[in-house]
Every structure is written in structure tokens, then in C-alpha cells.
Amino acid sequence: MNDPTTGDPQVHLTEIDVDLDIQEILLAASQHDIPKLRRLCRTQSSLPDAANVKDPETGYSPLHAAIAACEPDEDEQANGTNSSSAPGENEQLNSGVETVRFLLQEGAIWNDLDNNNETPGCLARRIGAPELYELIVDAGVRAEMLLNRLDEYQALSEDEDEDEDEEEGGAGEQPDDATAPELVQASTEQPAESESTGPTNPEVSNQTYLSSTLSINNNRILDSDQNGVMMRWESDIMLKSAKALLPRPGLKVLNIGHGMGIVDSFFQDQSPAEHHIIEAHPSVLADMKSKGWDSKSGVTIHEGRWQDILPALVGEGVTFDAIYYDTFAESYADFRDFFSEQVIGLLEQDGKWGFFNGMGADRQISYDVYQKVAEMDLFEAGFDVEWEEIPVPKLEGEWEGVRRAYWVVENYRLPLCRFMD
Ligand SMILES: C[S@@+](CC[C@H](N)C(=O)[O-])C[C@H]1O[C@@H](n2cnc3c(N)ncnc32)[C@H](O)[C@@H]1O
């Protein structure tokens, strides 16, 4: 549309103004010019969310720009001098830290992706700036904790609404996953990080998964959308988890999620006195029976979802020396319910429990954020957790025919949880 008085293309002029504003903000961020950023963030009328503008070519946000400016010179990298040994680089890093702090206070999104599929934290890690990386991780933890709390309140108010509906005789059916937050996914104001995932697989709801057709072989279990439910490469993790949880014969163990039976076989090798297994998928149940699990001595199979089975076990006063949790298509909220509501009634006072720690494992920063989130929630629920790092072998060939590589990070962090003293 043209300006009626001058005949100029009005819309284009506005677009150019916005473009210039974006470039000005990104430039100020890359120059670590906080006074200018403050002015642009707080007074810029054409850009209401100045801390989250994006460069159309690179996809950089102001956080990306501020961090990228801290990348050491190529010459210095080639000479082997790093940022902490060069005074100019140190200054640059310090002003970068201040700028990143300022942008986060202004509401900058911690996990926005650039066109290189990197979050600001990924960029900080790649250029070797741990100070900046930690700032972003902490921002991620704060955001995720807040989102999880908001989801709790939303779930609570939905429950109240449902109760009211029921009282009025018109119960509204909620889809199974209505209250499930997606893990390491940003808030409604924040664009979600592309592929980050829940503890197991957030793209499928538990209900959908449990009624889907599985393909089960000796190497993997896939659901009907080719999502990897369980894969043989996880065997070493299962072995180390089983040994850490069940160090000697004669103990009582509960495993939730049988899958390929890998961890259950390692539990059997430890000759437990009692071995309870909860499994909800009919095909997995059929497969485990065909392999004779229902006639192994000391083994009790509970058919159904842990959500339905555990309250009855707690009611009967059954307790275990060790508990392991590895399900599929459940949200972080499910997992938190599990340890804060159920483990407390099922674990012996000196018992140990663990879980498959795959939260956010498709991106290092998500993995680091969710380790801290889980640690804080575990602490709140009364558990101490120790982490053991286990290197994961290269998995390049593993993902053929699998919808999504759900494991990318180099080291698995094996959790071992106990009641706090
Ligand atoms: C990742 S596999 C477990 C792999 C197992 N740790 C192993 O070593 O082979 C997850 C299992 O949890 C089961 N599952 C998913 N949701 C469940 C629920 N709510 N209750 C019980 N089992 C569930 C799935 O059917 C699947 O067999």
C-alpha cells in the first residue's frame, strides 16, 4: 500500500524500520552495550519483545549475538592460547556474562534455536565458554521449574473444574495427556526447542502408545510410528543400574517397564528373593510370557499401568530394597508423581531406587537442565541422588529405521537415589 500523500510504499518503509531496529539490537548485544540494550528493550515501540528479536539470515537472537561475540579469535585458537589467558578476551567474556545476565532479566528465551539448530547454550558450549553456558543452564532450570509448577496448578484447577462438572452431572472427558507438560519445552511465550523430549517420549501419549502395535525383535522395540521404545545399545546402562541397585542376592526388587527384559534379566542374575515387574503394554506382556517370565521363581508380573497397580501395593504394605523406573511415553509430571507419591510408600528405609535418565538426552544443554530440575524435585521429595557418568558408545548406525535419535549426548548419568538421612 502506498502513502496517499507521497505515493511511497508505506508497508515496506515500516518493514525496513523494523529490520533496522532488529539489527540495532543485535549489534548492541554483540557489542555488549548494556546501556544501549536497556534503552532499546525498554523504549522501542516497534518491537515489543526486543530481547527476543531474530536475525532473519542467521536466526540469531540477542543472546546468540552476545555469546558469539565471545568466541576467541581463530589466530589465538590456532596458537593454542585460550580466552582465559588473553586479557582482552577475558574482558570480552566478562562483559558477555553481564550482557547475557541482562538479556535474561529482560525475558530472553534460553532455548531459542538459530538457523544452525543451536540454542544460545549450545553456542556457548561450542565456543568453549563454560561461564556463559552455566548462565543459560541456570536460566533453563528456572524456566522449567516454573513451567512445571504452572502445569501443576493448571492440573489442579482442571481437577477442581472436573469435580464441579461431576457434581453438576456433566463430567468432561479429559484426554490422557491433557496435563502432561512436554519436557524441556518452553512456555507458551517461548518457542519450543525443536526436538527436546520427555523422560521417555513426549510425542506420543501413554494412552496412544499402549494401544499401538509394536514391532519387537532381539535388537529393539519400535511403536507403530517407528519411535524407539527400547534398544539393545542401552544394555550396559541396564547392567550398571541393576548392579548398583541390587548388589547382593536375596533382596526384593520392583521393576516398572519390562520392555526387552534387559534390566530384568540382570536383576535375575543377582538372584533376588522377590522380583516384581509392572508392565502395561499387551504385546510386551505376551512377549514376556512367551519367554517364560511368568514361570520364573520369585517373579510376580503385574499387568497394567503403574498408576493403577502401585496404590494397591502400597495399601498392602509391600516394600522393596530396590526399585527401577523405565517407562515410555510418559511426561516429567508422571515421573515426578511416581517418586513423590509412590516410592515413599514402597521403598525400604535403607533401599535404593533409580530410573532411566533419558530426559532431554537429544541435546547436551537439555540433559544438563533436566539433571538439575530432577535433582531439585528429588530433594524436595526427600531423596538424595548420586550420579555416575558412563560413556555412551557412538550410536551412528543405530538409528536406521527409527523415527528420531533420542540419544545424542556423550555420557549417560546413572542416578542412584536414597532417602535423605
Ligand atoms: C523403555 S521400555 C523398558 C526397557 C527395560 N528397562 C529393559 O531393560 O528392557 C518401557 C516399558 O514401559 C512400559 N510402560 C509404558 N508405560 C507404562 C505404564 N504407565 N505402566 C507400566 N508400564 C509402562 C512399556 O510398555 C515398555 O515395555
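See the structure printed just above.
Please read these numbers as outputs of a predicted model, since none were measured by experiment.

The rules behind the values
- Residues numbered from 1 in each chain as written.
- Predicted model: local features only at pLDDT ≥ 70, side-chain atom pairs only at ≥ 80, totals over all residues.
- Heavy atoms only, no water.
- Helix = DSSP H or I, 4+ residues; strand = E, 2+ residues; numbered from the N terminus.
- Buried < 20%, exposed > 50% of the residue type's maximum accessible area, 1.4 Å probe, protein only.
- Contact = heavy atoms within 4.5 Å.
- Areas by Shrake-Rupley, 256 points an atom, 1.4 Å probe, with all protein chains shown as cover.
- Axes fitted to C-alpha atoms, helices over the stretch in contact; angles between N-to-C directions.
- Parallel < 35°, antiparallel > 145°, perpendicular 65-115°, else oblique.
- Left-handed = near helix turned anticlockwise from the far one by under 90°.
- Nonpolar A, V, L, I, M, F, W, Y, C, P; charged D, E, K, R; others polar.
- Phe/Tyr/Trp six-rings, centres within 6.5 Å; stacked < 30°, edge-to-face > 60°.
- Lys NZ or Arg CZ within 6 Å of the ring centre and 35° of its normal.

A. Summary view of the overall build of the protein. Across its full length, the protein holds 14 helices and 10 strands. Buried positions account for 51% of the 421 residues belonging to the protein. Across the protein, the fraction of contacts at a sequence separation of at least 24, relative to all contacts at a separation of at least 6, is 71%. About 20100 Å² of surface is accessible on the protein, with carbon and sulfur atoms providing 47% of the total.

B. How the structure looks around the packing of helix α13 (residues 332-346) against helix α14 (residues 364-380). Between α13 and α14, the least distance of the axes is 11 Å, while the angle of their chain directions is 30°. It follows that α13 is roughly parallel to α14 by the angle criterion. Helix-helix and strand crossings are classified by hand; for α13 and α14 the assignment is right-handed. Where α13 abuts α14, its residues Tyr 332, Arg 336 and Phe 339 lie against Tyr 370, Val 373, Ala 374, Asp 377 and Leu 378. Of the residues that constitute the contact of α13 with α14, the class distribution is 6 nonpolar, no polar and 2 charged.

C. Broad picture of the packing of aromatic side chains. Inspection of every chain in the model, using the stated rule, returns 24 aromatic pairs. Note on Phe 335 and Phe 339: the rings are 5.0 Å apart at their centroids and 75° apart in plane angle, and the pair reads as edge-to-face. You can see Phe 335 and its partner Phe 339 sitting in helix α13, 4 residues apart, about one turn around the helix. In terms of burial, Phe 335 and Phe 339 fall into one category: buried. Members of the aromatic cluster, joined through ring pairs, are Trp 306, Tyr 325, Tyr 332, Phe 335, Phe 338, Phe 339, Trp 353, Phe 355, Tyr 370, Phe 383, Trp 387 and Phe 419. Sitting over the face of the ring of Trp 293, Lys 296 holds its NZ or CZ atom 4.8 Å from the ring centroid.

Bear in mind that shape data such as this cannot, by itself, settle questions of function.
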